[in-house]
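Spelled out from the first residue to the last, the chains are:
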Amino acid sequence: MYDLVVEDATIVSGWEPRRVADICVEHGRIVHVGDGASGAARARVSAAGKLVMPGVIDGHVHFRSPGHPHKEDWASGSRAAASGGVTTVLDMPNTNPPTLTRMEWEQKRALAAEHSRVNFGIWVGASAGRNDAINELMDSGDACGIKVFMGASTGPLLVDDDTLVRLFEQTRGLIGVHAEEESVLEVLRTRCSSVEAPNHNVVRPPVAATIAVRRLIELVEAHLRPVHICHLSTEAESDLVEAARGVDRRRLPITTEICPHHLYLSADLPAAFGRPLENGATTASGNWIKVNPPIRDDADRRAMWSAVQRQRIDTIGSDHAPHTMAEKALPYWSAPSGIPGVETTLPLLLTAVRQGRITLERVVQLCCEEPARVFGLKAKGAIREGHDADFVVLGEPDLRPLTSDDIVCRVAWSPFEGMPMVPKPDAVYVAGRLVASHGRIVDDDVRGSLTRPGA
Ligand code: DOR
Ligand code: ZN
Ligand code: ZN
(Lines give C-alpha, C1' and ligand atoms only; values in the text may rest on other atoms or scores of the structure.)
(Ligands and ions follow the chains in the order given, each with its own letter.)
Protein backbone atom coordinates (compact mmCIF):
# COMPACT_ATOMS: atom_id res chain seq x y z
CA MET A 1 0.00 0.00 0.00
CA TYR A 2 1.26 3.45 -0.91
CA ASP A 3 1.76 5.92 1.93
CA LEU A 4 1.00 8.84 -0.36
CA VAL A 5 -0.10 9.48 -3.92
CA VAL A 6 0.34 12.98 -5.34
CA GLU A 7 -2.09 12.98 -8.22
CA ASP A 8 -1.95 14.79 -11.55
CA ALA A 9 1.40 16.43 -10.87
CA THR A 10 3.10 18.28 -13.72
CA ILE A 11 6.59 16.92 -13.08
CA VAL A 12 9.52 19.16 -13.99
CA SER A 13 13.00 17.85 -14.65
CA GLY A 14 16.12 19.41 -16.10
CA TRP A 15 16.31 17.84 -19.52
CA GLU A 16 13.07 15.95 -20.13
CA PRO A 17 9.73 17.32 -21.24
CA ARG A 18 7.21 18.02 -18.51
CA ARG A 19 4.98 15.09 -17.83
CA VAL A 20 1.68 14.81 -15.98
CA ALA A 21 1.62 11.77 -13.70
CA ASP A 22 0.86 10.52 -10.21
CA ILE A 23 3.80 10.28 -7.79
CA CYS A 24 3.44 7.22 -5.54
CA VAL A 25 5.41 7.11 -2.30
CA GLU A 26 6.18 4.27 0.08
CA HIS A 27 8.54 4.35 3.08
CA GLY A 28 9.93 7.73 2.07
CA ARG A 29 10.79 6.71 -1.48
CA ILE A 30 9.17 7.25 -4.83
CA VAL A 31 8.09 3.76 -5.88
CA HIS A 32 6.05 4.61 -8.96
CA VAL A 33 5.58 7.56 -11.29
CA GLY A 34 2.66 7.07 -13.65
CA ASP A 35 -0.87 5.98 -12.95
CA GLY A 36 -1.44 5.73 -9.21
CA ALA A 37 -5.19 5.38 -9.31
CA SER A 38 -5.24 1.60 -9.12
CA GLY A 39 -3.16 1.13 -5.96
CA ALA A 40 -4.48 1.54 -2.43
CA ALA A 41 -3.07 4.54 -0.59
CA ARG A 42 -3.16 5.92 2.93
CA ALA A 43 -3.31 9.47 1.60
CA ARG A 44 -4.03 11.11 -1.73
CA VAL A 45 -3.49 14.75 -2.60
CA SER A 46 -4.24 16.49 -5.85
CA ALA A 47 -1.56 18.51 -7.59
CA ALA A 48 -3.81 19.13 -10.57
CA GLY A 49 -2.57 22.12 -12.51
CA LYS A 50 0.49 22.50 -10.30
CA LEU A 51 4.15 22.07 -11.10
CA VAL A 52 6.12 19.62 -8.98
CA MET A 53 9.90 19.77 -8.92
CA PRO A 54 12.50 17.83 -6.92
CA GLY A 55 13.42 19.31 -3.53
CA VAL A 56 16.31 21.75 -3.65
CA ILE A 57 19.72 20.47 -2.53
CA ASP A 58 21.63 23.38 -0.99
CA GLY A 59 25.27 22.33 -0.95
CA HIS A 60 26.36 25.33 1.08
CA VAL A 61 24.84 26.34 4.41
CA HIS A 62 26.28 27.47 7.74
CA PHE A 63 23.78 26.29 10.35
CA ARG A 64 26.11 27.49 13.15
CA SER A 65 25.58 24.52 15.42
CA PRO A 66 27.43 23.52 17.53
CA GLY A 67 28.69 26.82 18.81
CA HIS A 68 26.59 29.80 17.75
CA PRO A 69 22.94 28.99 18.40
CA HIS A 70 22.08 32.67 18.76
CA LYS A 71 22.67 32.92 14.99
CA GLU A 72 21.10 29.60 13.98
CA ASP A 73 20.77 25.98 15.03
CA TRP A 74 19.68 22.82 13.28
CA ALA A 75 16.02 23.27 14.16
CA SER A 76 15.75 26.90 13.08
CA GLY A 77 17.95 26.55 10.01
CA SER A 78 16.22 23.43 8.76
CA ARG A 79 12.77 24.97 9.28
CA ALA A 80 13.90 27.92 7.17
CA ALA A 81 15.22 25.53 4.54
CA ALA A 82 12.00 23.53 4.38
CA SER A 83 9.87 26.67 4.23
CA GLY A 84 11.71 27.68 1.06
CA GLY A 85 11.70 24.32 -0.73
CA VAL A 86 15.15 23.12 0.33
CA THR A 87 14.95 19.45 1.33
CA THR A 88 18.66 18.69 1.69
CA VAL A 89 21.41 20.88 3.13
CA LEU A 90 25.16 20.34 3.30
CA ASP A 91 26.59 22.11 6.34
CA MET A 92 29.95 23.85 6.43
CA PRO A 93 32.63 23.11 9.07
CA ASN A 94 33.31 26.60 10.48
CA THR A 95 31.28 25.96 13.61
CA ASN A 96 32.60 25.87 17.18
CA PRO A 97 34.26 23.47 17.49
CA PRO A 98 35.05 23.31 13.80
CA THR A 99 34.28 19.98 12.11
CA LEU A 100 37.80 18.58 11.66
CA THR A 101 37.79 15.13 13.25
CA ARG A 102 35.52 12.09 13.53
CA MET A 103 34.51 13.17 17.03
CA GLU A 104 33.47 16.65 15.92
CA TRP A 105 31.74 15.27 12.86
CA GLU A 106 29.76 12.83 15.04
CA GLN A 107 28.86 15.61 17.46
CA LYS A 108 27.39 17.61 14.58
CA ARG A 109 25.70 14.55 13.12
CA ALA A 110 23.98 13.88 16.44
CA LEU A 111 22.65 17.45 16.58
CA ALA A 112 21.43 17.30 13.00
CA ALA A 113 19.83 13.88 13.40
CA GLU A 114 17.93 15.09 16.45
CA HIS A 115 16.85 18.46 15.13
CA SER A 116 17.01 18.73 11.34
CA ARG A 117 13.66 18.91 9.58
CA VAL A 118 15.40 18.30 6.24
CA ASN A 119 18.01 15.84 5.01
CA PHE A 120 21.58 16.80 5.71
CA GLY A 121 25.20 16.18 4.84
CA ILE A 122 28.22 17.43 6.76
CA TRP A 123 31.44 18.83 5.28
CA VAL A 124 34.77 18.17 7.01
CA GLY A 125 37.14 21.15 7.26
CA ALA A 126 40.72 21.11 6.03
CA SER A 127 43.53 22.20 8.32
CA ALA A 128 47.22 21.43 8.64
CA GLY A 129 48.16 17.94 9.80
CA ARG A 130 44.65 16.48 9.72
CA ASN A 131 44.73 14.54 6.48
CA ASP A 132 44.35 11.13 8.15
CA ALA A 133 41.20 12.27 9.92
CA ILE A 134 39.89 13.68 6.65
CA ASN A 135 40.54 10.44 4.77
CA GLU A 136 38.80 8.41 7.42
CA LEU A 137 35.68 10.58 7.12
CA MET A 138 35.82 10.63 3.31
CA ASP A 139 36.64 6.94 2.74
CA SER A 140 33.78 5.86 5.00
CA GLY A 141 31.45 7.95 2.82
CA ASP A 142 30.35 9.97 5.82
CA ALA A 143 31.56 13.49 5.03
CA CYS A 144 30.08 15.02 1.88
CA GLY A 145 33.30 16.82 0.98
CA ILE A 146 36.41 18.55 2.27
CA LYS A 147 36.00 22.30 2.74
CA VAL A 148 39.00 24.56 2.25
CA PHE A 149 39.28 28.25 3.05
CA MET A 150 42.09 29.73 0.91
CA GLY A 151 41.21 33.13 2.38
CA ALA A 152 40.25 33.83 5.99
CA SER A 153 36.55 34.40 6.50
CA THR A 154 34.25 33.73 9.45
CA GLY A 155 35.98 31.42 11.96
CA PRO A 156 39.54 30.11 12.29
CA LEU A 157 39.69 27.81 9.25
CA LEU A 158 42.38 28.85 6.80
CA VAL A 159 44.97 26.83 4.92
CA ASP A 160 48.25 28.04 3.45
CA ASP A 161 49.59 26.86 0.11
CA ASP A 162 51.76 24.07 1.57
CA THR A 163 48.78 22.65 3.43
CA LEU A 164 46.70 22.93 0.28
CA VAL A 165 49.26 21.03 -1.78
CA ARG A 166 49.46 18.28 0.84
CA LEU A 167 45.67 18.11 0.87
CA PHE A 168 45.65 17.52 -2.88
CA GLU A 169 48.43 14.94 -2.55
CA GLN A 170 47.25 13.02 0.46
CA THR A 171 43.47 13.08 0.69
CA ARG A 172 40.65 11.61 -1.35
CA GLY A 173 37.25 12.81 -2.50
CA LEU A 174 35.60 16.10 -3.38
CA ILE A 175 37.29 19.33 -2.30
CA GLY A 176 35.08 22.43 -1.94
CA VAL A 177 36.92 25.74 -1.93
CA HIS A 178 36.40 29.27 -0.72
CA ALA A 179 38.79 30.78 -3.26
CA GLU A 180 40.19 34.13 -2.19
CA GLU A 181 43.99 34.52 -1.99
CA GLU A 182 44.93 35.29 1.61
CA SER A 183 48.19 37.14 0.83
CA VAL A 184 46.22 39.69 -1.22
CA LEU A 185 43.59 40.05 1.50
CA GLU A 186 46.29 40.52 4.14
CA VAL A 187 47.99 43.38 2.30
CA LEU A 188 44.71 45.17 1.68
CA ARG A 189 43.44 44.66 5.22
CA THR A 190 46.55 46.43 6.47
CA ARG A 191 46.43 49.14 3.82
CA CYS A 192 42.77 49.91 4.53
CA SER A 193 42.97 49.59 8.29
CA SER A 194 42.93 53.33 8.95
CA VAL A 195 39.75 53.79 6.90
CA GLU A 196 36.70 53.60 9.12
CA ALA A 197 34.27 52.17 6.57
CA PRO A 198 36.15 51.02 3.47
CA ASN A 199 34.49 49.53 0.43
CA HIS A 200 34.42 45.77 1.04
CA ASN A 201 35.24 45.22 -2.63
CA VAL A 202 38.46 47.16 -2.17
CA VAL A 203 39.43 45.19 0.92
CA ARG A 204 38.63 41.88 -0.82
CA PRO A 205 38.95 42.72 -4.53
CA PRO A 206 38.06 40.51 -7.49
CA VAL A 207 41.75 39.89 -8.13
CA ALA A 208 42.04 37.99 -4.83
CA ALA A 209 39.45 35.57 -6.19
CA THR A 210 41.01 35.21 -9.63
CA ILE A 211 44.49 34.55 -8.21
CA ALA A 212 43.07 31.82 -6.00
CA VAL A 213 41.07 30.27 -8.83
CA ARG A 214 44.15 30.29 -11.08
CA ARG A 215 46.14 28.46 -8.37
CA LEU A 216 43.33 25.94 -7.92
CA ILE A 217 43.27 25.19 -11.62
CA GLU A 218 47.03 24.46 -11.51
CA LEU A 219 46.48 22.07 -8.63
CA VAL A 220 43.59 20.29 -10.33
CA GLU A 221 45.69 19.97 -13.49
CA ALA A 222 48.50 18.39 -11.48
CA HIS A 223 46.38 16.07 -9.34
CA LEU A 224 43.10 15.60 -11.24
CA ARG A 225 41.12 15.85 -8.01
CA PRO A 226 37.47 16.87 -8.19
CA VAL A 227 37.11 20.44 -6.96
CA HIS A 228 33.89 22.39 -6.46
CA ILE A 229 34.61 26.12 -6.39
CA CYS A 230 32.17 27.85 -4.08
CA HIS A 231 30.46 31.15 -4.78
CA LEU A 232 31.98 32.37 -8.04
CA SER A 233 31.31 36.09 -8.07
CA THR A 234 33.21 37.57 -11.03
CA GLU A 235 33.29 37.21 -14.77
CA ALA A 236 37.08 36.74 -14.62
CA GLU A 237 36.78 33.62 -12.41
CA SER A 238 34.14 32.15 -14.66
CA ASP A 239 36.31 32.79 -17.75
CA LEU A 240 39.31 31.09 -16.12
CA VAL A 241 37.28 28.01 -15.23
CA GLU A 242 35.68 27.92 -18.65
CA ALA A 243 39.04 28.01 -20.41
CA ALA A 244 40.45 25.34 -18.08
CA ARG A 245 37.53 22.97 -18.56
CA GLY A 246 37.76 23.15 -22.34
CA VAL A 247 35.02 23.03 -24.91
CA ASP A 248 33.35 19.90 -23.63
CA ARG A 249 33.71 21.16 -20.00
CA ARG A 250 35.24 17.84 -19.06
CA ARG A 251 38.96 18.40 -19.43
CA LEU A 252 39.27 19.02 -15.70
CA PRO A 253 37.07 17.83 -12.82
CA ILE A 254 36.14 21.35 -11.74
CA THR A 255 32.58 22.35 -10.95
CA THR A 256 31.29 25.73 -9.85
CA GLU A 257 28.69 27.18 -7.53
CA ILE A 258 27.07 30.59 -7.54
CA CYS A 259 24.95 32.22 -4.83
CA PRO A 260 21.71 34.13 -5.33
CA HIS A 261 23.14 37.24 -3.65
CA HIS A 262 25.76 37.56 -6.37
CA LEU A 263 22.96 37.43 -8.94
CA TYR A 264 20.59 39.83 -7.24
CA LEU A 265 22.70 42.36 -5.34
CA SER A 266 25.39 44.63 -6.64
CA ALA A 267 27.67 47.14 -5.02
CA ASP A 268 26.68 49.95 -7.35
CA LEU A 269 23.01 49.24 -7.82
CA PRO A 270 21.21 52.05 -6.07
CA ALA A 271 19.30 50.53 -3.25
CA ALA A 272 15.97 49.65 -4.70
CA PHE A 273 15.35 47.29 -1.84
CA GLY A 274 16.89 46.27 1.43
CA ARG A 275 16.34 46.95 5.06
CA PRO A 276 14.84 50.26 6.07
CA LEU A 277 17.35 52.57 7.70
CA GLU A 278 16.58 54.86 10.60
CA ASN A 279 16.22 57.83 8.28
CA GLY A 280 13.54 56.07 6.28
CA ALA A 281 15.76 55.36 3.29
CA THR A 282 16.45 51.81 2.23
CA THR A 283 19.74 50.39 1.21
CA ALA A 284 21.15 47.13 0.08
CA SER A 285 24.59 48.40 0.93
CA GLY A 286 26.68 48.65 4.06
CA ASN A 287 27.35 45.80 6.42
CA TRP A 288 24.02 44.13 5.71
CA ILE A 289 25.52 42.85 2.51
CA LYS A 290 29.06 42.48 3.82
CA VAL A 291 29.83 38.98 2.67
CA ASN A 292 32.86 37.04 1.45
CA PRO A 293 33.43 37.07 -1.43
CA PRO A 294 31.91 40.56 -1.61
CA ILE A 295 28.89 41.67 -3.58
CA ARG A 296 30.55 42.84 -6.82
CA ASP A 297 29.80 45.64 -9.24
CA ASP A 298 26.88 45.46 -11.60
CA ALA A 299 28.91 44.36 -14.61
CA ASP A 300 29.99 41.25 -12.72
CA ARG A 301 26.46 40.64 -11.47
CA ARG A 302 25.11 40.66 -15.02
CA ALA A 303 28.00 38.52 -16.23
CA MET A 304 27.09 35.93 -13.60
CA TRP A 305 23.56 35.77 -15.01
CA SER A 306 25.04 35.13 -18.44
CA ALA A 307 27.24 32.40 -17.00
CA VAL A 308 24.19 30.77 -15.44
CA GLN A 309 22.24 31.04 -18.67
CA ARG A 310 25.09 29.66 -20.77
CA GLN A 311 25.50 26.55 -18.60
CA ARG A 312 28.86 27.76 -17.28
CA ILE A 313 27.79 27.40 -13.65
CA ASP A 314 26.95 23.97 -12.28
CA THR A 315 25.13 24.55 -9.00
CA ILE A 316 23.41 27.21 -6.96
CA GLY A 317 24.06 27.19 -3.22
CA SER A 318 22.81 29.80 -0.80
CA ASP A 319 25.93 30.22 1.38
CA HIS A 320 23.35 30.79 4.13
CA ALA A 321 25.62 32.50 6.69
CA PRO A 322 23.42 34.19 9.28
CA HIS A 323 24.59 36.86 11.71
CA THR A 324 22.27 38.80 13.97
CA MET A 325 21.02 42.29 13.18
CA ALA A 326 22.98 43.59 16.18
CA GLU A 327 26.18 42.02 14.83
CA LYS A 328 25.57 43.44 11.36
CA ALA A 329 24.92 46.90 12.83
CA LEU A 330 28.48 47.06 14.21
CA PRO A 331 31.09 49.26 12.48
CA TYR A 332 32.69 47.80 9.34
CA TRP A 333 35.75 46.21 10.93
CA SER A 334 33.71 44.52 13.68
CA ALA A 335 30.67 43.48 11.64
CA PRO A 336 30.91 39.84 10.57
CA SER A 337 30.65 38.82 6.90
CA GLY A 338 27.78 36.65 5.75
CA ILE A 339 24.09 36.88 4.94
CA PRO A 340 21.17 34.51 5.43
CA GLY A 341 19.59 33.00 2.33
CA VAL A 342 18.63 29.32 2.51
CA GLU A 343 14.91 30.15 2.39
CA THR A 344 15.05 32.76 -0.40
CA THR A 345 17.04 30.83 -3.02
CA LEU A 346 14.05 29.15 -4.64
CA PRO A 347 11.72 32.18 -4.45
CA LEU A 348 14.42 34.30 -6.11
CA LEU A 349 15.02 31.76 -8.85
CA LEU A 350 11.30 31.29 -9.46
CA THR A 351 11.15 35.06 -9.80
CA ALA A 352 13.87 34.85 -12.45
CA VAL A 353 11.71 32.26 -14.23
CA ARG A 354 8.75 34.66 -14.18
CA GLN A 355 10.97 37.43 -15.50
CA GLY A 356 12.07 35.24 -18.39
CA ARG A 357 15.73 35.13 -17.35
CA ILE A 358 15.90 31.33 -17.06
CA THR A 359 13.59 28.35 -17.41
CA LEU A 360 12.22 26.28 -14.58
CA GLU A 361 14.07 23.36 -16.16
CA ARG A 362 17.35 25.26 -15.70
CA VAL A 363 16.42 25.89 -12.04
CA VAL A 364 15.96 22.14 -11.58
CA GLN A 365 19.37 21.52 -13.13
CA LEU A 366 21.13 24.11 -10.94
CA CYS A 367 19.37 23.39 -7.67
CA CYS A 368 18.58 19.67 -7.84
CA GLU A 369 20.17 17.57 -10.56
CA GLU A 370 23.63 19.10 -10.64
CA PRO A 371 24.11 19.24 -6.85
CA ALA A 372 23.05 15.56 -6.75
CA ARG A 373 25.65 14.77 -9.40
CA VAL A 374 28.46 16.89 -7.90
CA PHE A 375 27.94 15.46 -4.40
CA GLY A 376 27.17 11.93 -5.57
CA LEU A 377 23.68 11.83 -4.03
CA LYS A 378 22.29 9.11 -6.24
CA ALA A 379 18.78 8.95 -4.81
CA LYS A 380 18.22 12.70 -4.91
CA GLY A 381 17.70 15.51 -7.38
CA ALA A 382 14.96 13.96 -9.52
CA ILE A 383 11.38 12.75 -9.31
CA ARG A 384 11.98 9.19 -10.40
CA GLU A 385 11.22 5.67 -9.22
CA GLY A 386 13.69 4.61 -6.56
CA HIS A 387 14.54 8.18 -5.59
CA ASP A 388 13.84 9.73 -2.21
CA ALA A 389 10.42 11.37 -1.97
CA ASP A 390 11.71 14.92 -1.55
CA PHE A 391 9.71 17.28 -3.73
CA VAL A 392 8.15 20.70 -3.96
CA VAL A 393 4.71 21.70 -5.23
CA LEU A 394 4.49 25.09 -6.92
CA GLY A 395 1.35 27.15 -7.45
CA GLU A 396 1.08 30.30 -9.50
CA PRO A 397 0.98 33.08 -6.91
CA ASP A 398 1.57 36.73 -7.76
CA LEU A 399 4.88 38.31 -6.91
CA ARG A 400 4.89 40.22 -3.64
CA PRO A 401 7.53 42.07 -1.64
CA LEU A 402 9.38 39.88 0.83
CA THR A 403 8.64 41.00 4.39
CA SER A 404 10.26 40.15 7.70
CA ASP A 405 7.17 38.03 8.50
CA ASP A 406 8.19 35.69 5.70
CA ILE A 407 11.58 34.99 7.26
CA VAL A 408 11.83 31.79 9.26
CA CYS A 409 15.54 31.57 10.13
CA ARG A 410 16.66 32.64 13.61
CA VAL A 411 18.22 36.00 12.77
CA ALA A 412 14.92 37.05 11.15
CA TRP A 413 16.23 39.37 8.45
CA SER A 414 17.05 39.11 4.78
CA PRO A 415 18.98 41.36 2.41
CA PHE A 416 16.09 40.83 -0.01
CA GLU A 417 13.39 42.33 2.22
CA GLY A 418 11.18 44.63 0.21
CA MET A 419 12.02 42.95 -3.08
CA PRO A 420 9.03 41.66 -5.04
CA MET A 421 9.39 37.91 -5.51
CA VAL A 422 7.49 34.69 -5.98
CA PRO A 423 6.31 33.57 -2.53
CA LYS A 424 7.50 30.35 -0.93
CA PRO A 425 6.23 27.05 -2.38
CA ASP A 426 2.73 25.68 -1.83
CA ALA A 427 3.99 22.41 -0.37
CA VAL A 428 7.34 20.88 0.54
CA TYR A 429 7.73 17.13 1.14
CA VAL A 430 10.69 15.48 2.87
CA ALA A 431 10.72 11.68 2.53
CA GLY A 432 7.07 11.78 1.53
CA ARG A 433 5.95 13.88 4.49
CA LEU A 434 4.52 17.36 4.13
CA VAL A 435 6.80 19.62 6.19
CA ALA A 436 5.98 23.11 4.98
CA SER A 437 3.14 24.82 3.17
CA HIS A 438 3.11 28.41 1.86
CA GLY A 439 6.20 29.20 3.90
CA ARG A 440 4.91 27.84 7.21
CA ILE A 441 6.00 24.67 8.97
CA VAL A 442 2.96 22.39 9.14
CA ASP A 443 4.59 19.29 10.65
CA ASP A 444 7.41 19.99 13.07
CA ASP A 445 7.93 16.31 13.87
CA VAL A 446 9.56 15.35 10.59
CA ARG A 447 13.27 14.62 10.78
CA GLY A 448 15.57 14.34 7.80
CA SER A 449 18.34 11.81 7.47
CA LEU A 450 22.03 11.85 6.70
CA THR A 451 22.75 11.79 2.98
CA ARG A 452 26.01 10.17 2.00
CA PRO A 453 27.87 10.32 -1.31
CA GLY A 454 27.14 7.21 -3.35
CA ALA A 455 23.87 6.41 -1.58
O1 DOR B 1 30.69 35.86 4.19
C2 DOR B 1 30.97 34.74 4.61
N3 DOR B 1 30.42 34.25 5.73
N4 DOR B 1 31.83 34.00 3.91
C5 DOR B 1 32.31 32.84 4.40
O6 DOR B 1 33.14 32.24 3.76
C7 DOR B 1 31.89 32.36 5.73
C8 DOR B 1 30.57 32.89 6.08
C9 DOR B 1 30.21 32.69 7.51
O10 DOR B 1 30.34 31.56 7.99
O11 DOR B 1 29.79 33.66 8.15
ZN1 ZN C 1 32.95 30.90 1.47
ZN1 ZN D 1 30.08 29.70 3.08
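Conventions used here
- Residues numbered from 1 in each chain as written.
- Chains lettered and ligands numbered in written order.
- Predicted model: local features only at pLDDT ≥ 70, side-chain atom pairs only at ≥ 80, totals over all residues.
- Heavy atoms only, no water.
- Helix = DSSP H or I, 4+ residues; strand = E, 2+ residues; numbered from the N terminus.
- Rg over C-alpha atoms; globule rule 2.2 N^0.38 Å.
- Buried < 20%, exposed > 50% of the residue type's maximum accessible area, 1.4 Å probe, protein only.
- Contact = heavy atoms within 4.5 Å.
- Areas by Shrake-Rupley, 256 points an atom, 1.4 Å probe, with all protein chains shown as cover.
- Lys, Arg positive; Asp, Glu negative; His and termini not counted.
- Charge placed at Lys NZ, Arg CZ, Asp CG, Glu CD.
- Salt bridge = Lys/Arg side-chain N within 4 Å of Asp/Glu carboxyl O.
- Donors = N, O, S within 2.8 Å, 3.2 Å for Na, K, Ca; no water.
- Expected span 1.5 Å × (residues − 1).
- Phe/Tyr/Trp six-rings, centres within 6.5 Å; stacked < 30°, edge-to-face > 60°.
- Lys NZ or Arg CZ within 6 Å of the ring centre and 35° of its normal.

Draft legend 1. Structural context of the overall build of the protein chain. The helix and strand tally for the protein chain stands at 13 helices and 22 strands. In terms of C-alpha radius of gyration, the protein chain reaches 21 Å, essentially the compact-globule figure of 23 Å for 455 residues. Over its C-alpha atoms, taken along the principal directions, the protein chain stretches across nearly 70 × 55 × 45 Å. A burial count over the protein chain gives 61% of its 455 residues as buried. Of all intrachain contacts in the protein chain linking residues separated by at least 6 positions in sequence, the fraction that spans at least 24 positions is 75%. Counting every atom, the protein chain has about 17000 Å² of accessible surface; 52% of that belongs to carbon and sulfur. Counting 49 positive and 59 negative side-chain charges, the protein chain places the centres of these two groups 1 Å from one another.

Draft legend 2. The pattern of salt bridges, seen in detail. Under the counting rule described, the total for this entry stands at 32 salt bridges. A salt bridge links R452 to D142; its shortest N-O distance comes to 2.9 Å. On the criterion of sequence distance, the pair formed by R452 in the segment after strand 22 (440-441) and D142 in the loop between helix 3 (131-139) and strand 10 (146-149) is long-range, its members being 310 residues apart. You can call D142 buried: its relative accessible area is 8%. The residue R189 makes a salt bridge to E182 at a minimum N-O spacing of 2.5 Å. On the basis of relative accessibility, which here comes to 28%, the residue R189 falls in the partly exposed class. Here the residues in one salt-bridge network are R102, E106, R109, E136, D142 and R452, joined through shared partners.

Draft legend 3. Structural detail: the coordination of the zinc ion (ligand 2). For the zinc ion (ligand 2), the full set of protein donor atoms is H178 (ND1) and H231 (NE2), at a range of 2.1 Å. Separating the zinc ion (ligand 2) from the zinc ion (ligand 3) is a distance of 3.5 Å. Within this pair, whereas H178 is found in strand 11 (residues 175-178), its partner H231 is found in the loop between strand 12 (227-229) and helix 8 (235-245), the two being separated by 53 residues in sequence. As far as the burial class goes, H178 and H231 line up, both buried.

Draft legend 4. A look at helix 7 (residues 206-223). The first and last C-alpha atoms of helix 7 sit 26 Å apart over 18 residues, in line with the 26 Å expected at 1.5 Å per residue. Residues of helix 7 that are buried include every one of A208, A209, T210, A212, V213, L216, I217, L219 and V220, and no others. Of the residues one or two after helix 7, L224 is the one with positive phi, at around 50°.

Draft legend 5. Representation of the packing of aromatic side chains in the model. What the rule picks out here adds up to seven aromatic pairs. Ring centres 5.0 Å apart and planes at 40° place the aromatic pair F391 and Y429 in the tilted group. Of this pair, F391 sits in strand 17 (residues 391-394) while Y429 sits in strand 20 (residues 427-430), and the two are 38 residues apart along the sequence. Given a relative accessible area of 0%, F391 falls into the buried group. Taken together, the aromatic side chains of F63, W74 and F120 make up a single cluster linked through ring pairs. Above the plane of the ring of F149 lies K147, whose end atom (NZ or CZ) is 4.2 Å from the centre.

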